[in-house]
Amino acid sequence: MHLCTLDQICYNDIYKFIEIISNIDTFFQNRIQQDAHECFLKLLDIFDTGINAVHPGVIKFQDSYFQGKFKVVKRCKNCNNKLLYLAPFYDIKVKPTIDINDSIKKAFKTQTTFTCFCEHCYTQQQHDNSSNVYEYPRVLIVLLERYTVSSVHSRPRRNCQRVTMLHSLKLPDTNYELCGVINHLGTTVNCGHYISFVKRGVTWYKCDDATVQKIDDIPILSDDAYILVYYNNIT
């Protein structure tokens, strides 16, 4: 394995970058640890704002690469009226399970029942709501819902379920390859420690604060995986 420090990979440039974005968004001025996913979304917003300033009207980078679409059918159980619409999504949230790929597949097809106002009955009625994926994103972000708050004591709780991270994710009509993993060690997303694994070409790197380490492969089993990033290179 090869070990290097940020001194060898533009250490000063990274601090300069942090200084620049801190002037754009106060989120990055806070020295307190922030949620990694929220930080990522903030960076995408800054990036898209910059692009729009130079090229007004272009499709957002976030939409081009990270947006998928659900086809949603809402049916009133009283009058049987149906409403069909497309709903965009930018990530998939799943509970940690040993077979995480199976959980991701199930997240793309849901069936729920809820009560809402029916525009045909003009009353509150029960509705069946079904959703199927209409368009997959090029980059799929999967959030593992490890963190909840105890309803009894209002204390944070962490789900330490071990997950199996396979390199390939096969879905109907599309396939994804795992290209990034963010592990989190702590009781809440705003404390503890983040470690990321990034794939560049065919090589994996472990990024832990100021140390970037080339590794042979990522651990397949993980108790700490928090965010999984999959890439579909089909254009």
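One can find the structure itself at the top, above this paragraph.
Residues numbered from 1 in each chain as written. Predicted model: local features only at pLDDT ≥ 70, side-chain atom pairs only at ≥ 80, totals over all residues. Heavy atoms only, no water.

### Brief notes about the sheet that holds strand 6 (residues 123-135)
One key point about sheets: their strands pair by backbone hydrogen bonds, in either a parallel or an antiparallel sense.
Part 1: Across the sheet, 4 strands lie side by side as 3-2-6-5; this open sheet has antiparallel pairing. Strands with a single pairing partner mark the edges of an open sheet, and in this sheet they are strand 3 (82-89) and strand 5 (109-118). Strand-to-strand twist of the sheet, defined as the mean angle between neighbouring strand axes without regard to direction, takes the value 30°.
Part 2: With 8 bridges joining them, strand 2 (residues 68-76) and strand 6 adopt antiparallel strand pairing. (Pairing = 2+ DSSP bridges. Helix = DSSP H or I, 4+ residues; strand = E, 2+ residues; numbered from the N terminus. Axes fitted to C-alpha atoms, helices over the stretch in contact; angles between N-to-C directions.)

### Brief notes about the environment of Lys77
Part 1: Mapped onto the fold, Lys77 is located in the loop between strand 2 and strand 3.
Part 2: On a C-alpha basis, the gap between Lys77 and Gln126 in space is 5.7 Å, while along the polypeptide they are 49 residues apart.
Part 3: In this structure, Lys77 is in contact with Thr113, Gln126, His127 and Asp128, ignoring residues within four places of it in sequence. (Contact = heavy atoms within 4.5 Å.)

### Some thoughts on the pattern of salt bridges
Part 1: Within the structure shown, the criterion is met by 8 salt bridges.
Part 2: Between Asp223 and Arg162 there is a salt bridge, and its shortest N-O distance comes to 2.8 Å. With Asp223 in the loop between strand 16 (221-222) and strand 17 (225-231) and Arg162 in the loop between strand 9 (156-158) and strand 10 (163-164), the pair connects residues that are 61 residues apart, well separated along the chain. (Salt bridge = Lys/Arg side-chain N within 4 Å of Asp/Glu carboxyl O.)

### What to know about unusual backbone geometry
Part 1: For Asn80, which is not glycine, the phi torsion reads 70° and is therefore positive.
Part 2: Take Asn80: it is sitting in the loop between strand 2 and strand 3.
Part 3: Take Asn80: its relative accessible area is 45%, and that puts it in the partly exposed class.
Part 4: We note that Tyr122 has phi near 60°; this positive angle belongs to a residue other than glycine.
Part 5: Mapped onto the elements, Tyr122 comes out in the loop between strand 5 and strand 6. (Buried < 20%, exposed > 50% of the residue type's maximum accessible area, 1.4 Å probe, protein only.)

### Here's the deal with the pairing of strand 5
The side chains of a regular strand alternate between the sheet's two faces.
Part 1: Pairing analysis gives 10 bridges linking strand 5 to strand 6, with the strands arranged antiparallel. The residue of strand 6 that forms the bridge with Phe114 is His127.
Part 2: Between strand 5 and strand 6, which pair antiparallel and follow one another directly, the connecting turn spans 4 residues, one of which, Tyr122, has a positive phi of 60°.

### Brief notes about the nonpolar core
Part 1: Among the nonpolar cores identified, the biggest contains 29 residues, and Phe108, Leu140, Leu228 and Tyr230 are the most heavily contacted of them.
Part 2: In this structure Tyr230 touches Asn101, Ile104, Arg138, Val139, Leu140, Val142, Leu166, Leu169, Tyr176, Glu177, Leu178 and Cys179, once residues within four positions along its chain are discounted.
Part 3: Core analysis: the second largest hydrophobic core is formed by 11 residues, Ala36, Leu44, Ile141 and Val229 among them. (Core = buried A, V, L, I, M, F, W, Y, C linked by side-chain atoms within 4.5 Å.)

### Regarding the packing of aromatic side chains
When we look at a pair of aromatic rings, we describe it by the centre distance and by the angle of the planes.
Part 1: Using the criterion set out here, one finds 13 aromatic pairs in the structure.
Part 2: Note on Phe70 and Phe108: the rings are 6.3 Å apart at their centroids and 50° apart in plane angle, and the pair reads as tilted. Of this pair, Phe70 sits in strand 2 while Phe108 sits in the loop between helix 4 (100-107) and strand 5; the two residues are 38 residues apart in sequence, bridging distant segments of the chain. An identical accessibility class is assigned to Phe70 and Phe108; each is buried.
Part 3: The interplanar angle of 70° and the centroid separation of 5.8 Å between the aromatic rings of Tyr147 and Tyr226 together place this pair among those described as edge-to-face. Of this pair, Tyr147 sits in strand 8 (residues 147-149) while Tyr226 sits in strand 17, placing them 79 residues apart in sequence. (Phe/Tyr/Trp six-rings, centres within 6.5 Å; stacked < 30°, edge-to-face > 60°.)

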